[in-house]
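A look at the structure
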Amino acid sequence: MDILLYIALGACAGVLAGLLGVGGGTVIVPVLTFVYTAHHFPPEYTLHLALGTSMASILFTSVASLRSHHKRGAVDWMVVRRLTPGIVAGTLAGVWLAAGMSTKVLKLIFVCFAYFVAAQMLLNIKPKPSRQLPATGGMLASGGAIGVVSSFVGIGGGTLSVPFMTWCNVPLHTVIGTSAALGFPIAAAGVAGYVLNGWRVAALPEHSLGFVYLPALAAIAVASMLTAPLGARMAHALPVAKLKKLFACLLLLVGTRMLVSLF
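Here is a short report on the structure shown in this document. (Residues numbered from 1 in each chain as written. Predicted model: local features only at pLDDT ≥ 70, side-chain atom pairs only at ≥ 80, totals over all residues. Heavy atoms only, no water.)

1. A look at the environment of Thr166
Checked against the element boundaries, Thr166 lands in helix H7 (residues 158–167). Sequence-wise, Thr166 and Ile176 are 10 residues apart; in three dimensions their C-alpha atoms are separated by 9.5 Å. (Helix = DSSP H or I, 4+ residues; strand = E, 2+ residues; numbered from the N terminus.)

Given below as structure tokens:
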């Protein structure tokens, strides 16, 4: 039953990755947290394992998603190159900080973040028409912030990079494709951090590589890579307004479920 759940979770994450440019962590993290809790994994490391496994799955999902968007000319590789250095540095710093935080604090950060981005999308707060992507310093700082938050909540950065690029008047379909590409450096740095920080933790369940639970990773990765191209096709067929509402509703649902688990 666990494997079937992981496969279903991966399939859902793959569609979301292609459709909205996210790595699927907004769904993977809470579901894995509930599964690991049900299996009585060490409670002090439950969310750390969910975050690490989510990051590892995004390595595979982002590749499948970005390839589909790249074929449609929807990845701005100049933006990817300018944001990546800050993203990698921010992600590594964030993982180091997250490793020392309690599960409750990490959950609270996740909830606040999800509600903030959802409100921004639903209220349709629009940037000034003259607003553009910042210069090199601003891109490094923005990439660093995206990396830190992504490592805290186990996502591929889409829930931050999508609003950031939209705020800078990048066309939404290009935003989604570029966000999918940014998921890979975030995930690579995040996985390295979660593996190293969990390497010497003796209480972790069998078949764990640091804070990455390998059975869940294998099933999620295979399923997500198969369904990400489907999500990418849907993204280029749906209008922008509907994409924004879908993204916001997803965040509200996941944030609320995680908030309930705090009590």
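2. Examining a positive patch on the surface
Residues Arg67, Lys71, Arg72 and Arg233 make up a contiguous surface patch of positive charge. Along the chain, the position of Arg72 falls in the loop between helix H3 (46–71) and helix H4 (77–98). Relative accessible area serves as the criterion here: at 38%, Arg72 is assigned to the partly exposed category. (Patch = residues over 30% accessible without salt bridge, like charges linked within 9 Å, V, L, I, M, F, W, Y side chains within 5 Å. Areas by Shrake-Rupley, 256 points an atom, 1.4 Å probe, with all protein chains shown as cover. Salt bridge = Lys/Arg side-chain N within 4 Å of Asp/Glu carboxyl O. Lys, Arg positive; Asp, Glu negative; His and termini not counted. Charge placed at Lys NZ, Arg CZ, Asp CG, Glu CD. Buried < 20%, exposed > 50% of the residue type's maximum accessible area, 1.4 Å probe, protein only.)

3. Let's talk about the nonpolar core
Tyr6, Leu32 and Tyr36 are the most contacted members of the largest nonpolar core, which has 70 residues in total. The element contributing the most residues to this core is helix H8 (residues 172–198), with 10 residues. When sequence neighbours within four positions are dropped, the list of residues in contact with Tyr6 reads Leu32, Val35, Tyr36, Tyr213, Pro215, Ala216, Ala219 and Ile220. (Core = buried A, V, L, I, M, F, W, Y, C linked by side-chain atoms within 4.5 Å. Contact = heavy atoms within 4.5 Å.)

4. So, a nonpolar patch on the surface
Together, Met1, Ile3, Leu4 and Ile7 line one region of the surface with nonpolar side chains, adding up to about 460 Å² of accessible area. Position of Ile7 among the secondary structure elements: in helix H1 (residues 2–20). Classification of Ile7 by relative accessible area gives partly exposed; the value is 38%.

5. Quick look at the packing of aromatic side chains
One pass over the full model with this rule turns up four aromatic pairs. Centre to centre, the rings of Tyr36 and Tyr213 are 5.6 Å apart; their planes meet at 85°, and the pair counts as edge-to-face. Here Tyr36 is found in helix H2 (residues 25–38), whereas its partner Tyr213 is found in strand S2 (residues 212–213), with 177 residues between them in sequence. A single burial state applies to Tyr36 and to Tyr213, both of which are buried. For the pair Phe41 and Tyr213, a centre-to-centre distance of 5.3 Å together with 70° between the ring planes defines the contact as edge-to-face. Note that Phe41 is positioned in the loop between H2 and H3 and Tyr213 in strand S2, a separation of 172 residues in sequence. (Phe/Tyr/Trp six-rings, centres within 6.5 Å; stacked < 30°, edge-to-face > 60°.)

6. Some words on H8
Its 27 residues give H8 an end-to-end C-alpha distance of 37 Å, which sits within 8% of 39 Å, the value for a rise of 1.5 Å per residue. Buried residues dominate H8, accounting for 20 of its 27 residues. (Expected span 1.5 Å × (residues − 1).)

7. Observations concerning the packing of H3 against helix H9 (residues 214–235)
The contact between H3 and H9 brings their axes to 8 Å, and the two run at 30°. By the criterion of interaxial angle, the relationship of H3 to H9 is roughly parallel. The handedness of the crossing between H3 and H9 comes out as right-handed. Between H3, through Thr53, Ala56, Ser57, Phe60, Thr61, Ala64, Ser65, Ser68 and His69, and H9, the contact on the second element is made entirely by Ala216, Leu217, Ile220, Ala221, Ser224, Met225, Ala228, Pro229, Ala232 and Ala235. (Axes fitted to C-alpha atoms, helices over the stretch in contact; angles between N-to-C directions. Parallel < 35°, antiparallel > 145°, perpendicular 65-115°, else oblique. Left-handed = near helix turned anticlockwise from the far one by under 90°.)

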